[in-house]
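Coordinates in review
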Amino acid sequence: MKAYDGMYIGGAWRPAAGQDVIEVVNPADEQVIGTVPAGTAEDVDTAVRAARAALPEWAATPPAERAARLAALRDVLVARADEIAETVTAELGAPLKFSQAVHAAVPIAVAGSYAELAATYAFEEKTGNSVVHHEPVGVVAAITPWNYPLHQIVAKVAPALAAGCTIVVKPAEDTPLVARLFADAVHEAGIPAGVFNLVTGLGPVTGQALAEHPGVDLVSFTGSTAVGRHIAAIAAGQVKKVALELGGKSANVILPTADLAKAVNVGVANVMSNSGQTCSAWTRMLVHRDRYDEAVGLAAGAAAKYGERIGPVVNAKQQARVRGYIEKGVAEGARLVAGGPEAPREKGYFVSPTVFADVTEDMTIAQEEIFGPVLSILRYDDEEDALRIANGTVYGLAGAVWAGDEAEAVAFARRMETGQVDINGGRFNPLAPFGGYKQSGVGRELGVHGLAEYLQTKSLQF
Ligand code: NAD
């Protein structure tokens, strides 16, 4: 157990204004592994002032130089990949292999993509008798969740810095250690003082103070829809820009012509990875009635195989919440075919990989985001029915379509109300825009569309 000290503000670790701390717990064994300072409005104010002071110079830094700093940052992340993976495993509980392959590797890819984009993006364009300049929005407040703790930070910091913005990050209270490691990486990469700042603390205190700060021009938030709505209301009151990456309840649509075994196996793996704590997870599997029983058997078998390989969920509250949803599924008449509400281990916040069959659209488990290793399998009669079910939630973050013919899958995907669709198991692309339709959010992250969120235009007429 280590008591970590200070906030990273203005290029150095500075003592926190208050004395309170947040305990960081390893969810695999429930041991306290460290404490970090719980930030106050005073810390937030110092950080925002530092970001504002650094803004003019960073905004005026040529994009090629900003690109060079981001490339240096990517290199530090590469050099520290093992430390990053171990830290995420300790505070989030993800199995080490998954931490290496995803939690450490994806931020490297994203930082690298923005190093390239900063160097190549057309920050100036001509249209008619005008020259349009794409200028940084200003000081960014980034408020991030714990589920992909470093990725969520880098998906905001890298485009913000590429655009010429400066930033204050408030990471989730469960996973502040990898955020501190990232601050050290920023320092090592030679990013000028004040361009990046980190304030750890509680959402309703530190996060709220940051969102409300008048020195912030854009609030970029990733987290639950409930908090997102609250942040959007604060931003609206101050006519401040806001970007929201919120919850999801994505559909995995298996059309009758699909390779069923592949679609089901990849679908189960998608839901169970990161212990189901993925906003874009395909938690509703939609199968045609003629192949339904076969799909249920395959899914139950695939989930049972996870056994000991799955990590815990992030904390005791999340474990209780997920188990509550499983109990609700049973109470509302869904049929458990794998897992269940009982904790599979005595220590650690583990939840059994769980699969429900006979789930109907109106059930709570078919509508609400569970954020745990729980899959619901729904039956459809025909394609129109599948589309209606797929689009029948308030969310629209992601999804998948499987069909024998790619064109058939694409035609279906084009009718889905959602921001991302994987066709026949298409791979994650760090350049593809990521973000939600409907209540899954406002704005896009990653790639060139993610960069555009941090830019505003100025037109000069000649
Ligand atoms: P959360 O909304 O509870 O917290 C997210 C962040 O907001 C944390 O840093 C928290 O401290 C802060 N916060 C909480 N209350 C606040 C307030 N009043 N003012 C300002 N900040 C506040 O979410 P979580 O439990 O950490 O994460 C899980 C949720 O995040 C899920 O709903 C998931 O779908 C969503 N998520 C979405 C995406 C996406 O890209 N769309 C990605 C990951 C997670």
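Residues numbered from 1 in each chain as written. Predicted model: local features only at pLDDT ≥ 70, side-chain atom pairs only at ≥ 80, totals over all residues. Heavy atoms only, no water.

1. Description of the pairing of strand β4 (residues 21-26)
Alternating residues of β4 divide into Ile22, Val24 and Asn26, all buried, and Val21, Glu23 and Val25, none buried. Alignment of β4 against strand β5 (residues 31-37), held across six bridges, turns out to be antiparallel. Each residue of the ladder has a partner; that of Glu23, found in β5, is Thr35. As consecutive antiparallel partners, β4 and β5 are separated by four residues, and within that stretch Glu30 has a phi angle of approximately 65°, a positive value. (Buried < 20%, exposed > 50% of the residue type's maximum accessible area, 1.4 Å probe, protein only. Helix = DSSP H or I, 4+ residues; strand = E, 2+ residues; numbered from the N terminus. Pairing = 2+ DSSP bridges.)

2. Considering the pattern of salt bridges
A side chain of one charge can pair with a side chain of the opposite charge when the charged atoms of the two come close. If you walk through the whole model with that rule in mind, you get 15 salt bridges. The partner of Asp381 in a salt bridge is Arg289, and the shortest N-O contact between them spans 3.1 Å. Here Asp381, found in the loop between β17 (374-380) and α13 (383-390), pairs with Arg289, found in the loop between β14 (284-288) and α10 (292-304); they are 92 residues apart in sequence, far enough to count as distant. With relative accessibility at 43%, the residue Asp381 sits in the partly exposed group. Looking at Arg289, the relative accessible area reads 44%, which means it is partly exposed. (Salt bridge = Lys/Arg side-chain N within 4 Å of Asp/Glu carboxyl O.)

3. Some words on the domain arrangement of the protein
Examined at the domain level, the protein breaks down into domain 1 (2-246 + 440-461) and domain 2 (251-431). A straight line from the C-alpha centre of domain 1 to that of domain 2 covers 30 Å. Across the boundary between the two partners, domain 1 contributes 28 residues, which contact 26 residues of domain 2. A buried area of about 2100 Å², summed over both sides, lies between domain 1 and domain 2, and 59% of it is on carbon and sulfur atoms. Among the residues of domain 1 in contact with domain 2, Glu30, Trp146 and Ser440 are the three that bury the most area, contributing 25% of the side total. Across the contact surface, domain 1 and domain 2 share nine residue pairs in polar contact (both at pLDDT 80 or more). Breaking the side of domain 1 that touches domain 2 down by element, the ones donating at least two residues are α3 (81-92) and α4 (96-120). (Domains from an automatic or database assignment. Contact = heavy atoms within 4.5 Å. Buried area = accessible area lost by both parts, 1.4 Å probe. Polar contact = N/O pair within 3.5 Å; in protein donor to acceptor, adjacent residues only side chain to side chain.)

4. Regarding the side chain of Gln319
Within the secondary structure, Gln319 is located in helix α11 (residues 316-331). Here Gln319 is in contact with Val313, Ala343, Gly348, Tyr349, Phe350 and Val351, once residues within four sequence places are set aside.

5. A look at the packing of aromatic side chains
What the rule picks out here adds up to five aromatic pairs. When the centroid spacing of 6.1 Å and the interplanar angle of 40° are considered together, the rings of Tyr8 and Phe196 count as tilted. Linking Tyr8 in strand β2 (residues 7-9) with Phe196 in strand β10 (residues 196-198), this pair joins segments that are 188 residues apart in sequence. Across the pair, exposure class does not vary: Tyr8 and Phe196 are buried alike. Aromatic rings pair up to connect Tyr8, Trp13, Phe182 and Phe196 into one cluster. A cation sits over an aromatic face here: Arg180 above Trp13, 4.2 Å from the ring centre. When the ring centre of Phe350 is taken as origin, the NZ or CZ atom of Arg345, which lies over that ring, is 3.8 Å away. (Phe/Tyr/Trp six-rings, centres within 6.5 Å; stacked < 30°, edge-to-face > 60°. Lys NZ or Arg CZ within 6 Å of the ring centre and 35° of its normal.)

6. Considering the site of the ligand
Contacts to the ligand come from 29 residues, most closely from Lys170, Glu173, Ser224, Leu246 and Glu369. Within the side chain of Lys170, an N or O atom sits 2.7 Å from an oxygen atom of the ligand. In this structure, Glu245 approaches the ligand through a side-chain N or O atom, which is 3.4 Å from an oxygen atom. Computed on the free molecule, the ligand has an accessible area of 850 Å², of which 89% lies beneath the protein chains in the complex. At the level of secondary structure, the elements contributing two or more residues to the shell around the ligand comprise α7 (203-212), β11 (218-222) and α8 (225-237). Here the shell around the ligand takes four residues from α7, the largest share from any one element. A per-class count over the shell around the ligand returns 14 nonpolar, 11 polar and four charged. For the shell around the ligand, the domains that each give at least three residues are domain 1 (2-246 + 440-461) and domain 2 (251-431). (Near = heavy atom within 4 Å. Areas by Shrake-Rupley, 256 points an atom, 1.4 Å probe, with all protein chains shown as cover. Nonpolar A, V, L, I, M, F, W, Y, C, P; charged D, E, K, R; others polar.)

7. Looking at the environment of Ala118
Tracing the backbone shows Ala118 in helix α4. Given the relative accessible area of 0%, Ala118 is considered buried. In sequence terms Ala118 and Ala162 are 44 residues apart; their C-alpha atoms lie 5.0 Å from each other. Those residues in contact with Ala118, other than ones at most four positions away along the chain, are Pro63, Ala67, Leu70, Phe123 and Ala162.

8. Observations regarding α4
For the α-helix, the turn length of 3.6 residues means that residues three or four positions removed from each other point alike. For α4, built from 25 residues, the straight-helix expectation of 36 Å at 1.5 Å per residue is met to within 8% by its first-to-last C-alpha distance of 35 Å. Its axis deflected by about 35° at Ala105, α4 carries its strongest bend there, up to four residues before the proline Pro107. (Expected span 1.5 Å × (residues − 1). Bend = angle between axes of the 7 residues up to and from the residue.)

9. What about the sheet that holds strand β21 (residues 455-461)?
Across the sheet, three strands lie side by side as β6-β7-β21; this open sheet has antiparallel pairing. This sheet does not close on itself; its edge strands, each paired only once, are β6 (124-127) and β21. Pairwise comparison of adjacent strand axes, ignoring direction, gives a mean angle of 25° for this sheet. (Axes fitted to C-alpha atoms, helices over the stretch in contact; angles between N-to-C directions.)

10. Here's the deal with the environment of Gly276
Residue position: Gly276 is located in the loop between α9 (260-272) and β14. Sequence separation between Gly276 and Ala209 is 67 residues, and the spatial gap between their C-alpha atoms is 30 Å. Excluding residues that lie within four positions of it along the chain, Gly276 makes contacts with Val271, Phe371, Gly372 and Pro373.

11. Things to note about the pairing of strand β13 (residues 251-254)
Side-chain alternation along β13 places Ala251 and Val253 on one buried face and Asn252 and Ile254 on a second face that is also buried. Inspection of the sheet shows β13 paired to β14 by four bridges, in the parallel sense. Considered in β14, the bridge of Val253 is made with Leu286. With α9 bridging β13 and its parallel neighbour β14, the resulting β-α-β unit is right-handed. (Right-handed = clockwise from strand over helix to strand, strands pointing away.)

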